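Geometric and topological summary
Now for the letters of each chain:
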Amino acid sequence: MELELTLTIAEDERQACTHAAVLLRGLSGGLRAIGATQEAEACGVYAATLDRIAASGECCGVNSDGKVDVEQAAFVLEGVRDGLDNADLDEGADLVGRDVERLNDIVLRYNSEAGKAVES
Amino acid sequence: MLLAVGDMCGPARKNPGAAATAELARRLIAKHPDAMILALGDNAYNRGRPDEYRDHYTPSWGQADLLGRTWPCPGNHDYRTAGAAAYFTYFGEGRAGTPRRSYYSVPLADAGWHLISLNSEVEQDAHSAQLRWLRADLASRRFQPVLAFWHRPRWGSGAHRDSKKPRWFWNALHAEGAELALAGHAHHYERFAPQRPDQIPDPRGIRQFIVGTGGRRLQGRTKDTPNSEYARFDLFGILKLTLRPGGYRWEFIDVDDRVIDRGEQGVNARGM
């Protein structure tokens, strides 16, 4: 079921979307260069969704697929965070980790509103 | 007696352990016919759709002998269907609640414990309806020792690591002397020492288990987490909990019927 909801997106969440989109576009380019075309396209889609949310201002329409894009982006960035941490690149790991939390905040807010919408 | 596990069913290629853990549950239930099952979320991959529940959950964990004794909580993959609608339809209001009120409690009269299912996939902060409900439910419970379960762990050494959001659950549960918190989400088994919400070890704190070993491909360690006492990243299995008014016993049992981790503890002084 496709469910579009209007969410309030806080400033720090929009910033996290911008950061995440930059990282995902870089990753997408790298994946394309090594021949992982499908994964490159997926990361590009996630980045586009995050760009749209970041550009939308305080209120943003998000549908089910867009919500999953945000969650998938958070999963990919968890891997980036963990890799940076393993390499003792701690500051970058912390920054990415904070953005992951903000993306998850958006996901949970969508889920809460979706629960109300499907029951009403 | 409770059997707890999460992250079970989906396409066989990515969920190679689901059938085996369901069979393990059957063997344990044959020895303990009154056992309840706690399904810790992400029950049907990848998007918790009706057809995924039908095609992947029903053939193993969704058979009547298991489903009829299952008390679930939703996971993030269940919410990939808007509002986790398929999850609520599949388990029904009497077991799962509703999309709007997706949490519930069950008094376990024989064991003398209070069981709480929470939803880590929706808002849970100070202003949320869920947290208000949790506080009221804890205040009015019949039995003191509390076991709460939800999908996303507060602390973890595997995939996804720690989640800050469930700190609200932890604060409320700890204030009422809760004993146990169970979660899935990360596909490994991990047991923590009792600890306070600020991660200070405390025998009167909450002991957390992660049991994301229900069938989805296992995941490895990503960090060392304070107060983690034992972890396995290489085995599918189920956590068996035996509750009694004065304490609890745990066993993590793998799909070859081996007891991998076991222990026992009295309920904490605040919980009595």
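Residues numbered from 1 in each chain as written. Chains lettered and ligands numbered in written order. Predicted model: local features only at pLDDT ≥ 70, side-chain atom pairs only at ≥ 80, totals over all residues. Heavy atoms only, no water.

**Let's talk about the overall build of chain A**
Helix and strand content of chain A: four helices and two strands. Reading chain A from its N end, one meets helices and strands in the order β-α-α-β-α-α. Overall, chain A is about 50 × 30 × 25 Å in size when its C-alpha atoms are taken along their principal axes. Averaging the coordinates of the 10 positive side-chain charges in chain A and doing the same for the 24 negative ones gives two points 4 Å apart. (Helix = DSSP H or I, 4+ residues; strand = E, 2+ residues; numbered from the N terminus. Lys, Arg positive; Asp, Glu negative; His and termini not counted. Charge placed at Lys NZ, Arg CZ, Asp CG, Glu CD.)

**Structural notes on the overall build of chain B**
If you tally the helices and strands in chain B, you get seven helices and 13 strands. A compact globule built from 272 residues would reach a C-alpha radius of gyration of about 19 Å, and chain B, at 17 Å, matches this within 12%. Along the longest, intermediate and shortest principal axes, the C-alpha atoms of chain B span 45 × 40 × 40 Å. Taking all 272 residues of chain B together, 64% fall into the buried category. When contacts within chain B are restricted to residue pairs at least 6 apart in sequence, long-range pairs at least 24 apart make up 72% of them. Of the roughly 9600 Å² of accessible surface on chain B, 50% is carried by carbon and sulfur atoms. Chain B carries 38 positive and 30 negative side-chain charges, and their two centres are separated by 3 Å. (Rg over C-alpha atoms; globule rule 2.2 N^0.38 Å. Buried < 20%, exposed > 50% of the residue type's maximum accessible area, 1.4 Å probe, protein only. Contact = heavy atoms within 4.5 Å. Areas by Shrake-Rupley, 256 points an atom, 1.4 Å probe, with all protein chains shown as cover.)

**Side note on the nonpolar core**
By size, the foremost hydrophobic cluster in this structure holds 57 residues, and its most contacted members are Leu38(B), Trp61(B), Leu147(B), Leu182(B), Leu241(B) and Leu243(B). The element contributing the most residues to this core is helix 1 (residues 18-31) of chain B, with six residues. (Core = buried A, V, L, I, M, F, W, Y, C linked by side-chain atoms within 4.5 Å.)

**Details of the environment of Ser28(A)**
Among the secondary structure elements, Ser28(A) is positioned in helix 1 (residues 11-33). Here the alpha-carbon distance between Ser28(A) and Tyr46(A), two residues 18 residues apart in the chain, equals 9.8 Å.

**Description of the sheet that holds strand 6 (residues 146-149) of chain B**
All names here are of chain B. Read across the sheet, seven strands follow the order 4-5-6-7-9-8-10 without closing on themselves; strand pairing throughout is mixed. Across the chains shown, the open sheet's two edge strands, defined by having one partner strand only, are strand 4 (104-108) and strand 10 (228-232). The average undirected angle you get between the axes of adjacent strands in this sheet is 15 degrees. Here strand 4 runs beside strand 5 (residues 113-117); their pairing, made up of five bridges, is antiparallel. (Pairing = 2+ DSSP bridges. Axes fitted to C-alpha atoms, helices over the stretch in contact; angles between N-to-C directions.)

**So, the packing of helix 2 (residues 37-55) of chain A against helix 3 (residues 64-86) of chain A**
Geometry of a packed helix pair, given as the angle between the helix axes and the separation of the axes. All names here are of chain A. Where helix 2 meets helix 3, the closest approach of the two axes is 9 Å, and the angle between their N-to-C directions is 115 degrees. When the axis of helix 2 is compared with that of helix 3, the two are roughly perpendicular. By crossing handedness, the relation of helix 2 to helix 3 is classed as left-handed. For the pair helix 2 and helix 3, the contacting residues are Val-45, Tyr-46, Thr-49, Leu-50 and Ile-53 in the first and Gly-66, Asp-69, Val-70, Gln-72, Ala-73 and Val-76 in the second. Partitioned by chemical class, the residues of the contact of helix 2 with helix 3 number seven nonpolar, three polar and one charged. (Parallel < 35°, antiparallel > 145°, perpendicular 65-115°, else oblique. Left-handed = near helix turned anticlockwise from the far one by under 90°. Nonpolar A, V, L, I, M, F, W, Y, C, P; charged D, E, K, R; others polar.)

**Observations regarding the pattern of salt bridges**
According to the stated counting rule, one finds 34 salt bridges over all chains in the structure shown. Across the salt bridge formed by Lys164(B) and Glu101(A), the nearest N and O atoms sit 3.5 Å from each other. With Lys164(B) in the loop between strand 6 and helix 7 (167-175) and Glu101(A) in helix 4 (residues 90-119), the pair connects residues from two separate chains. In this structure Glu101(A) comes out as partly exposed when scored by relative accessible area, which is 23%. One salt-bridge network, held together by shared partners, links Asp12(A), Glu101(A), Arg102(A), Asp105(A), Lys164(B) and Lys165(B). (Salt bridge = Lys/Arg side-chain N within 4 Å of Asp/Glu carboxyl O.)

**Examining the environment of Glu119(A)**
In this fold, Glu119(A) is placed in helix 4. With residues near it in sequence (within four places) discarded, Glu119(A) still touches Thr98(B), Pro99(B), Arg100(B) and Arg101(B).

**Points about the side chain of Arg191(B)**
All names here are of chain B. Within the secondary structure layout, Arg-191 lies in strand 8 (residues 189-192). Within the local environment of Arg-191, its side chain forms a polar contact with the side chain of Asp-261, the two groups lying 2.8 Å apart. Once you skip the residues sitting within four places of it in the chain, Arg-191 turns out to touch Arg-207, Gln-208, Phe-209, Asn-227, Ser-228, Glu-229, Tyr-230, Trp-250 and Asp-261. (Polar contact = N/O pair within 3.5 Å; in protein donor to acceptor, adjacent residues only side chain to side chain.)

**What about the pairing of strand 2 (residues 36-39) of chain B?**
Residues and elements named next belong to chain B. Across the two faces of strand 2 the burial is the same, with Met-36 and Leu-38 and Ile-37 and Ala-39 all buried. Here strand 1 (residues 2-5) runs beside strand 2; their pairing, made up of four bridges, is parallel. Its bridge partner being in strand 2, Val-5 is matched across the sheet by Ala-39. With respect to chirality, the unit in which strand 1 leads through helix 1 into the neighbouring parallel strand 2 is right-handed. For strand 2 and strand 3 (residues 70-72), the ladder comprises three bridges, and the chain directions are parallel. (Right-handed = clockwise from strand over helix to strand, strands pointing away.)

**Brief notes about the sheet that holds strand 12 (residues 247-254) of chain B**
Residue and element names in this part refer to chain B. The six strands lie next to each other as 3-2-1-11-12-13, forming an open sheet whose pairing is mixed. Strands at the two margins of the open sheet, each flanked by one partner only, are strand 3 and strand 13 (259-266). Taking the axes of each pair of neighbouring strands and ignoring which way they run, one obtains an average angle of 20 degrees across the sheet. Direction of pairing for strand 12 relative to strand 13: antiparallel, over a ladder of seven bridges. Bridge assignment links Arg-249 to a residue of strand 13, and that residue is Glu-264. In the packing of helix 1 onto the sheet, the strands contacted are strand 1, strand 2, strand 11 (237-244) and strand 12, and the crossing angle to strand 11 comes to about 30 degrees.

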